[in-house]
Structure formats: structure tokens, C-alpha cells
Amino acid sequence: MGKTMDTQNDRLGRAEKIWSGEINPGAELFEKNITLVKRLFEEVWNKGNLSLVDEFLAADFVDYNRPPDAPDGREGYKAGVNMIRTAFPDFHFTLDQILAEDNRVAIRLTGSGTHKGDFLGISPTGKQVTLGSMTFIHIKNGKLAERWGISDIPRVIQQLQGKG
Amino acid sequence: MSDIAKTLYRTFVEEVINKANYDLIPEIFSEDYLDHNAPPGAPVGGFEAIRAVPIMFRGAFPDVHFVIEDMVNQGDWVATRVTGNATHIGRPFMGIEPTGLRVSWSSMGFFRVANGRIVEHHGQPDLGALHTQLTRKIEPGSIEHNRFIVSRYVYATNIGELDLFDEYVDPNFVDHNALPGQRPGVDGLKDAYRMFSSAFSDLWYTFEDLIAEGDKVVGRGVIEGKHTGAFMGIPATNKVIRWTGTRIFRIVNGKVTEGWIDLDMFGMMMQLGAIPIPGQS
């Protein structure tokens, strides 16, 4: 009985704090979503921990900007990470900015890496490149459900071909 | 704050980009707006510089239309995702001369708002996708190819490269709206063009629509030029004149074989002061 009262008081106290603006329940969800996305980039992209992709991405994950002919879903995402990390084994994304609203997250990133493997038909040059990138993510049930992204690949090609 | 950032961006897309309503720029942007990803060669600083980017873009893609797909707002910032749809019927873009091709691409941006104005922007347009689409192979004899031929022919007139007519226009071209005494064929077409270009400097025809079906292509557009030489007996006024023109072309085997043109000569003559404007004395 006492425990139920406590829970109820907690709830009332929380409701008051939400009403007064002390707590923003949205912000808590946003923080969760932001943490999820930050961990994805840190673990999967920066550390190459592909086994964690299934933990971050929903089973029916859709990538609206995957490369032509690339498979969709988790396997396609893994293939994309693999392609970049094979060409640039020390590849690292820096999160320049991250915004969250409702179930959506937008990220601005700068990638960098050393060209040590084949990239889009260009043999290794040993050059250091930087890559501007933006991504929009929709999150459902604590996992990435949909993704849209643009990366400045033409600029990377310019850098590799020595015109950058 | 959230509504302000989204409303400003929405106005920018729907009014400035989609309708060329450049006068609204001071109501949307701060004068010291900073674009971290301004296109190469774009002017920097002030409202004129802000105007220059959509003007440059509309120059290449006069019918550009953006659709807002998503906006994520937090604090002073809003992240935006749009799809652009446009036809490459204007000036060269990324070094590619007008192709007449319809393109669709994504663009993303992060905007910061302060004191009710956009003050800062990071942008990431999908220029790779745009470049791929603008350099795609065009099937000879296709409707796309007909649009390509017309776009390149009209571009040749715009830059005054009359020699290029021979590449896009059939030597026996039939002008259904020939001037009195105009020579037949492509030579007469060149004469007609010269009559206009000798009277109007920087003469430029911009398509605002280009529609193809079967062996015909229809274009609706605006002509602009500075009246610096005598035209039909009217001495130079040094005024910049804008008038509309609708054109139909027939294309056979990759060459323009017939043409119809309907120019707003009445509007043009009114601007030149050669005929009175009705209701004004």
C-alpha cells in the first residue's frame, strides 16, 4: 500500500514538474534518441563493430539514400560501413551537430580517413580525405527505422584525384 | 522558437525558391547571415549575396520547385530535408550546358535563427546525384533527346553562337512565323536572330516551361534584352525590356525542322514607348 502511494506521489510530483516546465518529457526521449545515434556512429563507424548493427537498426530498416544496386536493410548498412572502412581503415566520424525532435534526429558530421584500399575504382593513394555529411533518422521502438543521408562524395573524389 | 525557425525556412522555400519572391529575403535572413557552404564564386555578405544563390540556381533551373520533406528543430537550430525538382533549361550548371533534362535531388541544411531571422547555415545538397542525372545518356530519337536539341539550340541563340545552329537545326528549316522577306532555311533563321540581337544587347530567352510529346516540343518563356540599337525604326532607348514568347518546334532525326513562335510584340512595343499604354496618356 505504502509503495503504491509513493509511486503515485512520484507520478504527481513528476506531473507537476512537467506542468511547471522543470521537466520536458520530450527532451528525455530526445536524449535517449541522441544517445542511440551517437553510440551507432562511435561503435559501428568509428570502431567498425558491425556485429552491433542489428542492435541499433530495426529489422525492417530502410535507407532511402543507399548507393545504387546496394541491398537495403541491415545488410546494406553493414556493406556501406564495410566499403568505407575497407577503403579508409582509420575512418572516423566527428559529430559536428545533432538535433532531435519527436522521433526524429538530424546529424551533421565530418568524416576523415586515410585512403588505403580501393574506393569507387580509385586505387589507394595514401591521401588523407575529409567528407562532409548530413543524415536524418527516424526512430521507432528505440531503433533506427528509416534513414536519409547525403555525403559529399564528389569532394572526396576530387581530393583523391589531387584537385582538392 | 521552434515555430519561428520552421516558419522562416518554409517561407524561404515556398516564396523565395519556388516563386522567386526575392523581396522577402530581408524578412527571412539577417543582413550578416553566414553561409558556411556557399557555392564557389558566390558573392559574400549582405542581402545581395543571399539573393545571388537562388538567382544563380533559378538561372540554370528556371522552374525549380522544392518540397520540404522533414524538419527537425531543437533550440535555435532547424535541420531541413528537401527534394528539388527542376528542368535544366537555363544556363550551364556545374559546367554542363543546358540539357533539357528533368532532375530530382535531395538537399539538407542546418539553419540557426536569432532575433527572428536566419543568421547561419550549413548545407549539403546532393550534387553527386545532380551531376549523374545531368550527364546521363540520352537515347537518340527519344522525347528527352528532342528536349535536349531544343535546349541546346536556344542556348546557342542566347550566347550568340550562330555557327552552332547547324548542329541542331535542319538546313531546310521552315519558319512558320518568318519575317517579311526572310530567306528560307537556317540562313533566314540566323538573319531573324541578328535583327533582334543587333537591337538588343545581352539578349536572353529563358524557358519557364518545356514540354515534349511525339515529335514536337513546346516552350513558354521570357526574353530579356537591353534596347541599345534601332529596332523596327525605333531608336535605342537603353531600357531593359522583357517580353514573353511561346514557341513550338518539330524535331526529325535530331534536328529542328519546323518552328512556330508567338512573341508578345504588343507588350514589347509598349515598353519601348512606340505605342501608348492603354489607360495612360
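Residues numbered from 1 in each chain as written. Chains lettered and ligands numbered in written order. Predicted model: local features only at pLDDT ≥ 70, side-chain atom pairs only at ≥ 80, totals over all residues.

Helix and strand counts for chain A stand at five helices and five strands. In chain A, the succession of helices and strands from N to C terminus is α-α-α-β-α-β-β-β-β-α. Burial statistics for chain A: of 164 residues in total, 24% are counted as buried. Counting contacts in chain A only where the partners sit at least 6 residues apart, residues at least 24 apart contribute 48% of the total. (Helix = DSSP H or I, 4+ residues; strand = E, 2+ residues; numbered from the N terminus. Buried ≥ 20, exposed ≤ 12 C-beta atoms within 10 Å, placed from the backbone. Contact = placed C-beta atoms within 7 Å.)

Residue and element names in this part refer to chain B. Taken together, the five strands give an open sheet; going across it, the order is 1-5-4-3-2, and neighbouring strands pair in mixed fashion. Looking at strand neighbours, the two that pair on one side only are strand 1 (29–35) and strand 2 (65–74), the edges of this open sheet. Pairs of neighbouring strands in the sheet enclose a mean axial angle of 25 degrees, with direction left out of account. Relative to strand 5 (residues 117–125), strand 4 (residues 102–114) runs antiparallel, the two sharing eight bridges. Along strand 5, the bridge assignment pairs F111 with H121. Here helix 4 (residues 127–134) sits on the sheet and contacts strand 4 and strand 5; the angle it forms with strand 4, its principal contact strand, is near 160 degrees. (Pairing = 2+ DSSP bridges. Axes fitted to C-alpha atoms, helices over the stretch in contact; angles between N-to-C directions.)

Time to look at the confidence of the model for chain A. Per-residue confidence for chain A gives a mean pLDDT of 89; residues scoring 70 or more make up 85%. Across chain A, element-level confidence peaks in strand 3 (residues 104–114) of chain A with a mean pLDDT of 97 and bottoms out in helix 1 (residues 2–20) of chain A with 67. (pLDDT = per-residue confidence, 0-100.)

This paragraph deals with the interface of chain B and chain A. Listed by partner, the interface residues are 16 residues for chain B and 17 residues for chain A. Listing elements by their share of the side of chain B that touches chain A, those giving two or more residues are strand 2, strand 3 (77–87), strand 4, strand 5 and helix 4 of chain B. Looking at the side of chain B that touches chain A, the element that brings in the most residues is strand 2 of chain B, giving four residues. Its residues placed into classes, the side of chain B that touches chain A shows six nonpolar, seven polar and three charged. (Nonpolar A, V, L, I, M, F, W, Y, C, P; charged D, E, K, R; others polar.)

One non-glycine residue with positive phi stands out, namely L120 of chain A, at about 50 degrees. Mapping L120 of chain A onto the fold places it in the loop between strand 3 and strand 4 (128–140). Of note in the backbone geometry, A20 of chain B takes a positive phi value of approximately 60 degrees without being a glycine. Inspection of the secondary structure puts A20 of chain B in the loop between helix 1 (2–19) and helix 2 (25–28).

As a further point, take the environment of T87 of chain B. All names here are of chain B. Structurally, the position occupied by T87 is in strand 3. Given 24 C-beta atoms within a 10 Å radius, T87 is considered buried. Note: C-alpha distance between T87 and S30 (57 residues apart in sequence) is 31 Å. Sequence-distant contacts of T87, defined by excluding residues within four places in its chain, comprise F61, D63, G100, R102 and L210.

Residue and element names in this part refer to chain B. The strand order 6-10-9-8-7 describes an open sheet built from five strands, whose pairing is mixed. The sheet is open, and its two edges are formed by strand 6 (169–175) and strand 7 (200–213), each paired on a single side. When the angles between neighbouring strand axes are averaged without regard to direction, this sheet yields 30 degrees. Summarising the sheet, strand 6 and strand 10 (residues 255–263) pair through three bridges and their orientation is parallel. From the neighbouring strand, D175 faces strand 10, where its bridge partner is G259. Packing of helix 5 (residues 143–158) onto the sheet brings it into contact with strand 6, strand 7, strand 8 (216–227), strand 9 (240–252) and strand 10, and relative to strand 7 it is tilted by some 170 degrees.

Looking now at the pairing of strand 2 (residues 92–101) of chain A. All names here are of chain A. Bridge count for strand 2 against strand 3 is nine bridges, and the pairing is antiparallel. When the sheet's bridge partners are listed, E101 is paired in strand 3 with R104. The turn joining strand 2 and strand 3, which pair antiparallel and follow one another in sequence, is formed by two residues; a positive phi near 50 degrees is taken by D102.

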